[in-house]
Amino acid sequence: MNSTLPLPDPHESDSSSWEEELDKAIFSFEDIQAELNYKQAQTALRSLVAKLDLTPQEKHGLEEEIGDLEVLLGKLDRMVVQIAAFGMVGRGKSSLLNALVGQSVFETGPLHGVTRAAQRVNWSISEDAIASSSTTLRVTLPGIGQSQVELIDTPGLDEVDGETRTALAEHVAKQADLILFVISGDMTKLEHEALSQLREAGKPIILVFNKVDQYPEADRMAVYQKVRDERVRELLSPLEIVMAAASPLVKTAVQRADGTRGIQLRAGNAQVEELKLKILEILHREGKALVALNTMIYADNVNEQLVQRKLMIRDRAANQLIWKAVMTKALAIALNPVTVVDILSGVVIDIALILGLSKLYGIAMTETGAVQLLQKIALGMGGIGASELLATLGLSGLKTLLGISAPVTGGASFAPYVTVAITQAGVTGVASYGIGQVTKAYLANGATWGPDGPKAVIGKILASLDETSILNRIKDELQQKMKRRN
């Protein structure tokens, strides 16, 4: 950068050439669809939105994330370039954006923290597109359709309720294609930390040293050099730093009512030409990739959140379904003294559990398919399956004998009967719990066992089960249920 800020004559206007250059930089991309696979990006995002496959329960609480994806799709369809301004309170972000737009569309004022929520304006490059009933400025350009640049103003990063506003800033930063970080003097520690966080977003950043009109030239350059060489040396290159005066005050000679003359401060012409040129430079160099790439990266992040939330909700529902089946099976076996009926009722409940889980995960499965899956799981479970069968056959016989002898013993055998019944039910319940967890893993993986095969998956899940804890829980709940029945 030169040692002086190249500021034009305040009375000169370059709006016409600026608009023409912006037009060329943003919207006259050569074969944009071919170079960026822009249509593929639109198709991929549209397909993502259409195939979210969320139930009404899963959609609840995810409205904002789903809305983000739809907003991104609209951004691609309308070819929107988003430029967001960040900075601390009183750095002149809103005034800077107003200077770029050429109109006072962003709220400003003498008090700190005027911008209470993110404000947007579609930055028109032709004045005749201004709507009379709205501050939204739009432009239609040949070959691209409804296209626009969107300037985003954010609250000061150090305002009261900073956590909320910082979260807002982070959210906007993820979507923005270009970030303007505005300072008005030597950087504070808080500003450096905020800039470092924004740098992690991986977006192009322009550091704007605003309000330079308030400094004598020597002081202005001293501040600039300190920021460049010490504050942001590891974050930004000198080419990413510009100086501006968004709302300069100019000393003007005035004649007072008493005939005397004096000096009055009046608003001068904004000095943002260097910033305009830097924006154009970035759009010329990276504009073709900014919108498509940033949109797809953000969409991928949002989609990952949706997938994780979806899996969490389904996992919770699956665990509830598994436990309900476990207790149903345990209670049925505890109350049934007939051996054959014990085995058949247990198998029926396990099949019903598999079918219920397949429906929950949206994978079609017939009863025949459920039986085949149960057989494969039972073979892979080995020890638990065998222990369940032995418990069912052995304990069921003992339970039957105690039940028959109850009238003869005057009810003395009833207490042992209950103990045996609960033990038998607990053992079969543990096995059913294992079957449910294995089935859940199988279905969550898209009805496949993965590269390791069924035995490895089953073994891994069984190794993670705390059989003693599960057994005790089954016994406790079963005792309570049987007491209520009695």
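Above this text sits the structure in question.
Cut-offs applied
Per chain, the residues get numbers from 1 upward, laid out in the order the sequence is written. Whole-chain, interface and lining totals are the exception, using all residues; otherwise, since this is a predicted model, local features are given only for residues with pLDDT of at least 70 and side-chain atom pairs are given and counted only at 80 or more. Just so you know, side-chain values use all the structure's heavy atoms and leave hydrogens and water out. Summary of the burial criterion: residues with accessible area below 20% of their type's maximum are buried, those above 50% are exposed, and those between are partly exposed, where the area comes from a 1.4 Å probe applied to protein chains only. Helix and strand definitions follow DSSP, with helices as H or I runs of at least four residues and strands as E runs of at least two, each counted in order from the N terminus. Note on pairing: DSSP must find at least two bridges between two strands before they are called paired. Only one rule defines a salt bridge in this text: a Lys or Arg side-chain nitrogen within 4 Å of an Asp or Glu carboxyl oxygen. The aromatic pairing rule takes the rings of Phe, Tyr and Trp, using the six-membered ring of Trp, and pairs them if the centres are within 6.5 Å, calling planes under 30 degrees apart stacked, those over 60 edge-to-face and the rest tilted. A ring is considered to have a charge above it if a Lys NZ or an Arg CZ atom is located within 6 Å of its centre and within 35 degrees of its normal. Under the convention used throughout, the expected extent of a helix is 1.5 Å for every residue step, that is, one less than its residue count. Note that the arc is computed from the directions linking the helix axis to the C-beta atoms. Take the buried Ala, Val, Leu, Ile, Met, Phe, Trp, Tyr and Cys residues and link them wherever side-chain atoms come within 4.5 Å; each set so joined is a nonpolar core. Any two residues whose heavy atoms approach within 4.5 Å are treated as being in contact.

Quick word on the pairing of strand β1 (residues 80-87)
Logical step 1: Of all 8 residues making up β1, 8 are buried, and the element is well covered by its neighbours.
Logical step 2: Burial of β1 is two-sided: the residues Val80, Gln82, Ala84 and Phe86 facing one way and the residues Val81, Ile83, Ala85 and Gly87 facing the other way are all buried.
Logical step 3: Inspection of the sheet shows β1 paired to strand β5 (residues 178-183) by 5 bridges, in the parallel sense. Following the sheet pairing, Ala85 is matched in β5 by Leu180.

Some details on the pattern of salt bridges
Think of it this way: side chains of opposite charge can pair up when their charged atoms draw near.
Logical step 1: For the structure shown, the criterion picks out 8 salt bridges.
Logical step 2: A salt bridge links Arg91 to Glu191, with the nearest nitrogen and oxygen atoms 2.8 Å apart. Residue Arg91 is found in the loop between β1 and α6 (93-101), and its partner Glu191 is found in helix α8 (residues 189-199); the two are separated by 100 residues along the sequence. Each member of the pair Arg91 and Glu191 is classed as buried.
Logical step 3: Across the salt bridge formed by Asp186 and Lys226, the nearest N and O atoms sit 3.9 Å from each other. Here Asp186 is found in the loop between β5 and α8, whereas its partner Lys226 is found in helix α9 (residues 217-231), with 40 residues between them in sequence.
Logical step 4: Look at Lys226 and you get partly exposed, because its relative accessible area is 34%.
Logical step 5: Linked by salt bridges that have partners in common, Asp186, Lys226 and Arg231 make up one network.

Structural notes on the packing of aromatic side chains
Logical step 1: On inspection of all chains with the given rule, the structure shows 3 aromatic pairs.
Logical step 2: Summarising the aromatic geometry, the rings of Trp323 and Tyr433 are spaced 6.0 Å apart at their centres and angled 80° between planes, so their arrangement reads as edge-to-face. Taken together, the positions of Trp323 in helix α10 (residues 273-335) and Tyr433 in helix α14 (residues 414-444) put the pair 110 residues apart, joining distant regions of the chain.
Logical step 3: Judged by relative accessible area, which is 18%, Tyr433 ranks as buried.
Logical step 4: Here Tyr442 and Trp449 contribute two aromatic rings whose centre-to-centre distance is 4.6 Å and whose plane-to-plane angle is 40°, an arrangement assigned as tilted.
Logical step 5: The ring of Trp323 carries the charged tip of Arg473 above its face, separated from the ring centre by 3.6 Å.

Some thoughts on helix α12 (residues 367-381)
Logical step 1: For α12, with 15 residues, the first-to-last C-alpha span of 21 Å sits near the 21 Å given by 1.5 Å per residue.
Logical step 2: Taken together, the buried positions of α12 are occupied by Ala370, Leu373, Leu374, Ile377 and Met381. Down the axis of α12, the buried side of the element spans an arc of 105°, and every buried residue falls inside it. Seen from the open side of α12, the exposed residues pointing more than 90 degrees away from its buried face are Thr368 and Leu379.

What to know about the nonpolar core
Logical step 1: Of all hydrophobic cores here, the largest spans 40 residues; its most connected members are Leu69, Leu180, Ile206, Val208 and Leu275.
Logical step 2: Put simply, the parts of the chain that give this core at least two residues each are α3 (38-50), α5 (63-78), β1, α6, β4 (145-153), β5, β6 (205-209) and α10.
Logical step 3: Looking at this core, the element that brings in the most residues is α10, giving 9 residues.
Logical step 4: Excluding residues that lie within four positions of it along the chain, Ile206 makes contacts with Leu178, Ile179, Leu180, Phe181, Glu240, Val242, Leu275, Lys278, Ile279 and Ile282.

Things to note about α5
Working note: α-helix, 3.6 residues per turn, so residues spaced by three or four point in the same direction.
Logical step 1: For α5, built from 16 residues, the straight-helix expectation of 22 Å at 1.5 Å per residue is met to within 8% by its first-to-last C-alpha distance of 22 Å.
Logical step 2: Buried within α5 we find Glu65, Ile66, Asp68, Leu69, Leu72, Leu73, Gly74, Lys75 and Leu76.
Logical step 3: Of the residues flanking the end of α5, it is Met79, one or two places downstream, whose phi is positive at about 55°.

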